Structures are given as structure tokens and as C-alpha cells.
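For reference, the chains in residue letters:
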Amino acid sequence: MSVIKAINIKKVYGGGKEFAQTIALNNINIELEQGEFTAIMGPSGSGKSSLLNVLSGFDYPTSGDVFIQGAKMNEMTGDELAIFRRDHIGYIFQEFHLLDSLTIQQNIMLPMMLNREETELMNKKAEELMNLLGILTIKNKYPYQVSGGQQQRAAICRALINDTTVIFADEPTGNLDSKSSKAVLECLKETNEAYRTTILLVTHDPFAASYCDKVLFLKDGTLRTQLYKKESQDHFTKQILDNLAVLEEDDYDV
Ligand SMILES: Nc1ncnc2c1ncn2[C@@H]1O[C@H](COP(=O)(O)OP(=O)(O)OP(=O)(O)O)[C@@H](O)[C@H]1O
Ligand SMILES: [Mg+2]
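Please read all numbers here as calculations on a predicted model, not as lab measurements.

Things to note about the site of ligand 1
Here's step 1: Lining the immediate surroundings of ligand 1 are Tyr13, Thr22, Ala24, Pro43, Ser44, Gly45, Ser46, Gly47, Lys48, Ser49, Ser50 and His204.
Here's step 2: One of the side-chain N or O atoms of Ser50 is found 2.6 Å from an oxygen atom in ligand 1.
Here's step 3: Look at ligand 1: alone it shows 640 Å² of surface, and the protein chains cover 57% of it.
Here's step 4: Contributing elements (two or more residues each) for the shell around ligand 1: strand 2 (22-32) and helix 1 (48-55).
Here's step 5: For the shell around ligand 1, the element with the most residues is helix 1, which contributes three residues.

Structure representation (C-alpha cells):
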């Protein structure tokens, strides 16, 4: 069974009296298996965030079906979605979204706290994850006392704490300098390898995308090409750059 499956997804915004209609996604089909680490790239406005929002249950598609681990998300109510997301889906934002009133460790444990899990188990799991991602030493600090890269690594731990099998990340390195970006990407790769987490990452950065095994290119709401990493990461970065150039050239055909 695939972890993420989307069939004929369409997303249309607006169309009322005041707003013109925008077709953000047009007949998208995606199927990702457990342990796949995939990037989505494409120009600004091509529908990347819309796609992530629909696949992760933050938003409903206008038409089409979305399945996460076989569960049909687009037929769930808002409450059902919230619970399903908490237990199965991790989401990482560009702006980290940690709570300043909680320590790093408390932030990480928050999804378990909401499920009223036992303290001992929460501490054990949080420490295991913080250890894996190299932030154990900052566990008692507050988000404003640590670096952006450390905050993002805490956000990854929080996304994983409920034994999440799928993680969506929208520009997770967009607010980070190159050194912190690298650390965060290496953490995502480590997570992917250690827990076979399925990860779908939106990025503008070919270097970030080169950490993935596969890159999907989106343009004007449709999936255009797919690239697979077959050789080294450096070689893959070059291939990604070439494909982005081809995608831009398409504009001149119109
Ligand atoms: N809530 C909304 N209401 C109306 N239109 C929207 C909404 N969200 C996105 N759009 C439109 O849908 C299209 C796709 O937007 P989306 O945010 O998915 O693009 P993106 O690829 O994530 O862009 P970026 O790289 O700039 O983040 C754009 O034309 C955008 O203006
Ligand atoms: Mg976006």
C-alpha cells in the first residue's frame, strides 16, 4: 500500500463575484511508497504549496481523491482530519512555528501531550529524537535562545514524535543560512533512513532537492517531469539545474 496517493487532484481558488478563478492544481496524480524521499520544485505560483496543503489534509481538493496510508482524506470532516493529521502526518514550515512559552523538549512532546501519553514515554521518545538530530544539549532552552537551524531540527523532532510515517516540508530551509540548511537536510535524510519516513519536500534550492531520491517538477499546476538520483549528489544537482532551465525555456514556446 502506498503511503501517499493522489488521484486526479484539482484545486481551484476563488471564482465568486469578487475574485477571478485560479486553477492552482490540474489533474495531479502522485503515488509515493514508504521510505521515499521526494522533492517538488517549480516556479513561484506553480502550485507547490497548494499541493502540499491538499496532500497533508490542511485543505480539501476541489475534486479528486487523496489517500494517506489508505485512508481517504478528502472525505473526512475537519475534526477527523485534525486527529488523523496529529497521529499520522508531520508538517514542517519555513518559519518553524515553535511555541516560545515552551522549552525545546516541551515543544517536541506537544503532539504526544495532546494525546495524553505517559510522561516517561514522552521523555524517552523526545530524547531519542533529539539525540539523533543533535539537539539534546539545548533541550531545556526556549526557541528564542537557539539558532534557526536548531529550531528547525526541533520542528523535525516534533513532526516525528507520534511515530509519524509521512512528513511534508514546505521550504524548510528557506529561512536558514547555508550551514544550517545543510544540517537540517542531513537530519531529514537521517530520519528518512533511520525510520523509513516518507518525506515530501518543497524547495526552490537545487542543492536541497539533491538530498532527495526523486524530484517532481510542477508548472502551472501540472506535473511535468520526474528526475531520479542515479549517480552522485553533485551530478544530481547539475541534472536538477538543467531541468529547471528547460522548464523556464518552455515559457518562450507559448
Ligand atoms: N488561498 C488562496 N486563494 C486564492 N488563490 C490562491 C490561494 N493560495 C494560492 N493561490 C494561487 O494559486 C496558485 C498556486 O499558488 P501556490 O501558493 O500553491 O504556489 P507555490 O508554487 O507554492 O508558489 P511559491 O513558490 O511562491 O510559494 C497561485 O496562482 C496563487 O496565487
Ligand atoms: Mg509556496
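Quick word on the UniProt feature "domain: ABC transporter" (unreviewed entry) in the protein chain
Here's step 1: This chain's UniProt record puts "domain: ABC transporter" (unreviewed entry) on residues 4-245.
Here's step 2: Secondary structure within residues 4-245 divides into 38% helix and 25% strand; the distance between the first and last C-alpha atoms comes to 29 Å.

Comments concerning the packing of aromatic side chains
Here's step 1: All told, the structure shown has six aromatic pairs when counted by the stated rule.
Here's step 2: Aromatic side chains Phe58 and Tyr91 sit 4.8 Å apart centroid to centroid with 80° between the ring planes, which places their arrangement in the edge-to-face category. Here the residue Phe58 occupies a position in the loop between helix 1 and strand 4 (63-68), and Tyr91 occupies one in strand 6 (residues 89-92), the gap between them amounting to 33 residues.
Here's step 3: Judged by relative accessible area, Tyr91 falls into the buried class, the value being 11%.
Here's step 4: For the pair Tyr91 and Phe93, a centre-to-centre distance of 4.9 Å together with 40° between the ring planes defines the contact as tilted.
Here's step 5: Residue Phe93 is classed as partly exposed on the basis of its relative accessible area, which comes to 25%.
Here's step 6: Site record: aromatic cluster; members linked through ring pairs are Phe58, Tyr91, Phe93 and Phe168.
Here's step 7: It is Arg85 that lies over the ring of Phe58; its NZ or CZ is 4.0 Å from the centre.

Some thoughts on the pairing of strand 8 (residues 198-202)
Here's step 1: Taken across its five residues, strand 8 has five buried, putting it largely inside the fold.
Here's step 2: Where strand 3 (residues 37-41) meets strand 8, four bridges bridge the pair, whose relative direction is parallel. Residue pairing in the sheet places Phe37 in a bridge with Ile199 of strand 8.
Here's step 3: In this structure, strand 7 (residues 166-170) lies alongside strand 8, joined through five bridges in parallel fashion. Within the sheet, the bridge partner assigned to Val166 lies in strand 8 and is Thr198.
Here's step 4: Each parallel crossover has a hand, and the one from strand 7 via helix 6 (residues 178-195) to strand 8 is right-handed.

Description of the sheet that holds strand 2
Here's step 1: Sheet architecture is open: four strands sit in the order 2-1-4-5, paired in antiparallel fashion. The sheet is open, and its two edges are formed by strand 2 and strand 5 (71-72), each paired on a single side.
Here's step 2: Bridge analysis of strand 1 (residues 4-13) against strand 2 gives seven bridges, and the strand direction is antiparallel. Paired with Val12 across the bridge in strand 2 is Ile23.

Brief notes about the nonpolar core
Here's step 1: Counting residues in hydrophobic clusters, the biggest one holds 45 residues, and the most contacted among them are Ile104, Ile108, Ile135, Ile156, Val215, Phe217 and Ile240.
Here's step 2: Per-element tally for this core: the top contributor is helix 5 (residues 148-160), with six residues.
Here's step 3: Setting aside anything within four residues of it in sequence, one finds Val215 in contact with Ala39, Met41, Ala209, Thr225, Gln226, Leu227, Phe236 and Ile240.
Here's step 4: Grouped together as the second largest cluster of nonpolar side chains are 28 residues, Leu25, Ile28, Ile40 and Ile68 included.

So, the packing of helix 4 (residues 119-132) against helix 6
When two helices pack together, you describe them by how their axes are tilted relative to each other and by the distance separating the axes.
Here's step 1: The interhelical angle for the contact between helix 4 and helix 6, taken along N-to-C directions, is 125°, at an axis separation of 10 Å. With respect to their mutual orientation, helix 4 and helix 6 come out oblique. Across from Glu128, Leu129 and Leu132 in helix 4, the residues of helix 6 making contact are Glu190, Ala194 and Tyr195.
Here's step 2: When grouped by side-chain class, the residues that make up the contact of helix 4 with helix 6 number four nonpolar, no polar and two charged.

A closer look at the environment of Gln145
Here's step 1: Along the chain, Gln145 falls in the loop between helix 4 and helix 5.
Here's step 2: With a relative accessible area of 45%, Gln145 lands in the partly exposed category.
Here's step 3: Between the C-alpha atoms of Gln145 and Asp100, which are 45 residues apart in sequence, the distance is 9.5 Å.

Conventions and cut-offs
Residues numbered from 1 in each chain as written. Chains lettered and ligands numbered in written order. Predicted model: local features only at pLDDT ≥ 70, side-chain atom pairs only at ≥ 80, totals over all residues. Heavy atoms only, no water. Near = heavy atom within 4 Å. Polar contact = N/O pair within 3.5 Å; in protein donor to acceptor, adjacent residues only side chain to side chain. Areas by Shrake-Rupley, 256 points an atom, 1.4 Å probe, with all protein chains shown as cover. Helix = DSSP H or I, 4+ residues; strand = E, 2+ residues; numbered from the N terminus. UniProt positions renumbered as here; feature names shortened; annotations may be inferred. Phe/Tyr/Trp six-rings, centres within 6.5 Å; stacked < 30°, edge-to-face > 60°. Buried < 20%, exposed > 50% of the residue type's maximum accessible area, 1.4 Å probe, protein only. Lys NZ or Arg CZ within 6 Å of the ring centre and 35° of its normal. Pairing = 2+ DSSP bridges. Right-handed = clockwise from strand over helix to strand, strands pointing away. Core = buried A, V, L, I, M, F, W, Y, C linked by side-chain atoms within 4.5 Å. Contact = heavy atoms within 4.5 Å. Axes fitted to C-alpha atoms, helices over the stretch in contact; angles between N-to-C directions. Parallel < 35°, antiparallel > 145°, perpendicular 65-115°, else oblique. Nonpolar A, V, L, I, M, F, W, Y, C, P; charged D, E, K, R; others polar.

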